[in-house]
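Listed below are the residues making up each chain.
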Amino acid sequence: MGVAAAAAVLAGAAQPWLGHRAGLLGRPHRAGAAAVTGLLTLLSCLAVGQLRPALLATALTAAVTYPLFTVDLKQKRLPIALVRPVTGWVLVTLSLDALLIDGGGRRMATALAGAVAGAVVFHGLRVISRGGMGRGDVRLASLLGLLLGWLSPATALLGLALSFVLAAAALVPFLLTHRLQRHTKVPFGPFMLVGAWTAVGLHAVAFLSASGVSSSFSRATGVIETLSAWAGPALLLTALAVAVWTTREVAQRAGGLGPVVYPQPMTATAPGVVVREDGWPWRSSR
């Protein structure tokens, strides 16, 4: 809790600098950034389990999550000035952590594999979509794949899958109700971030559940099992709610949620066309 609180305070204080680096217009929301960073760092503490350099890597990623989410939502871009330095620092801290723990080489290999897999998948999608995804999405996928791959290969795959599942679950209703058009450019970065941190949370739930089962204190075990049983669905519902809210913001910025404008009746008529009592024209059969 202390690490999460410290990360929240530092992230709130650093928001003006992070916003300047990201090119974010307007005043930064320090309270929102601090709350988001504190919550994500708490999830990171539960997922990592110990005070190690890997926790610094997750805290750095948590600190830039809010500005990346906001910039991509408002300006549809993921600034390289934030993604590239954080990726470098995450790589350095994870490499240091690999030297301090048993099996560090294997975990570093899975982290690098996750980074490469994320970059390859999203680069392929960028080529297929012909500009539907930008280079920032590819860089962010590499960063998130690096971090999630360090936790476990299953977490990396889950984070990648959740980003697409959440995007589809949130976008399809808006497309079916014509709140969004097929040609509307939708930023994918927020869905990637939500999916990745949901995967981190589920990894933490699994870690707590495993540690609770092996605990010798039956009372603590029962509490942990109860929290684990409710935490997973709660995380998924929260992620879905954030994804729907993100899609609604995109639709509103694209004009899809504005007031409905109905066509007005014609006042002038062409030859052979008469105006009915309700004001709408129709062609006479005579």
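Residues numbered from 1 in each chain as written. Predicted model: local features only at pLDDT ≥ 70, side-chain atom pairs only at ≥ 80, totals over all residues. Heavy atoms only, no water.

### Concerning the overall build of the chain
So, step 1. Secondary structure summary: the chain contains 9 helices and 2 strands in total.
So, step 2. Start at the N end of the chain and walk to the C end: the helices and strands fall as α-α-α-α-α-α-α-α-α-β-β.
So, step 3. For the chain, restricting intrachain contacts to residue pairs at least 6 apart in sequence, the fraction spanning at least 24 positions comes to 71%.
So, step 4. When the accessible area of the chain is evaluated, it comes to approximately 15,700 Å², of which 68% is carbon and sulfur surface. (Helix = DSSP H or I, 4+ residues; strand = E, 2+ residues; numbered from the N terminus. Contact = heavy atoms within 4.5 Å. Areas by Shrake-Rupley, 256 points an atom, 1.4 Å probe, with all protein chains shown as cover.)

### Some words on the environment of Pro153
So, step 1. Relative to the helices and strands, Pro153 is located in helix H7 (residues 153–176).
So, step 2. Residue Pro153 is classed as partly exposed on the basis of its relative accessible area, which comes to 46%.
So, step 3. With 42 residues separating them along the chain, Pro153 and Ala111 place their C-alpha atoms 8.0 Å apart. (Buried < 20%, exposed > 50% of the residue type's maximum accessible area, 1.4 Å probe, protein only.)

### Details of the layout of surface pockets
Which parts of space are left empty comes out when a probe the size of a water molecule is rolled across the atoms.
So, step 1. The volume enclosed by the largest pocket comes to roughly 650 Å³.
So, step 2. Forming the walls of the largest pocket are 24 residues, and the residues nearest its centre are Val36, Leu40, Phe69, Val194 and Val242.
So, step 3. Mapped by element, the contributors of at least two residues to the lining of the largest pocket are helix H2 (30–48), helix H3 (53–75), helix H8 (189–213) and helix H9 (218–253).
So, step 4. Here the lining of the largest pocket gets 8 residues from one element, more than from any other, and that element is H9.
So, step 5. Residues of the lining of the largest pocket, tallied by class, amount to 16 nonpolar, 5 polar and 3 charged. (1 Å grid on protein atoms, 1.4 Å probe; cavity = no way out; pocket = protein on both sides within 12 Å on 5 of 7 lines; lining within 4 Å. Points joined across faces, edges and corners; volume = space filled by probe spheres on them. Nonpolar A, V, L, I, M, F, W, Y, C, P; charged D, E, K, R; others polar.)

### Concerning the UniProt feature "transmembrane region" (unreviewed entry) in the chain
So, step 1. Mapped onto the present numbering, the UniProt feature "transmembrane region" (unreviewed entry) falls at residues 31–48, 53–69, 81–101, 108–128, 148–176, 188–207 and 227–245.
So, step 2. From the first C-alpha to the last, residues 188–207 spans 29 Å; its make-up is 95% helix and 0% strand. (UniProt positions renumbered as here; feature names shortened; annotations may be inferred.)

### Description of the nonpolar core
So, step 1. Of all hydrophobic cores here, the largest spans 54 residues; its most connected members are Leu68, Leu94, Leu140 and Trp150.
So, step 2. For this core, the element with the most residues is helix H6 (residues 135–151), which contributes 10 residues.
So, step 3. Setting aside its immediate chain neighbours within four residues, Leu94 contacts Ala54, Ala57, Met108, Leu146 and Trp150. (Core = buried A, V, L, I, M, F, W, Y, C linked by side-chain atoms within 4.5 Å.)

### Digging into the side chain of Asp72
So, step 1. One can find Asp72 in helix H3.
So, step 2. For Asp72, a relative accessible area of 3% corresponds to the buried category.
So, step 3. Those residues in contact with Asp72, other than ones at most four positions away along the chain, are Arg77, Leu78, Asp137, Pro187, Phe188, Gly189 and Pro190.

### Focus on the environment of Ala239
So, step 1. With respect to the secondary-structure elements, Ala239 resides in helix H9.
So, step 2. Placed 48 residues apart in sequence, Ala239 and Phe191 show a C-alpha to C-alpha distance of 8.9 Å.

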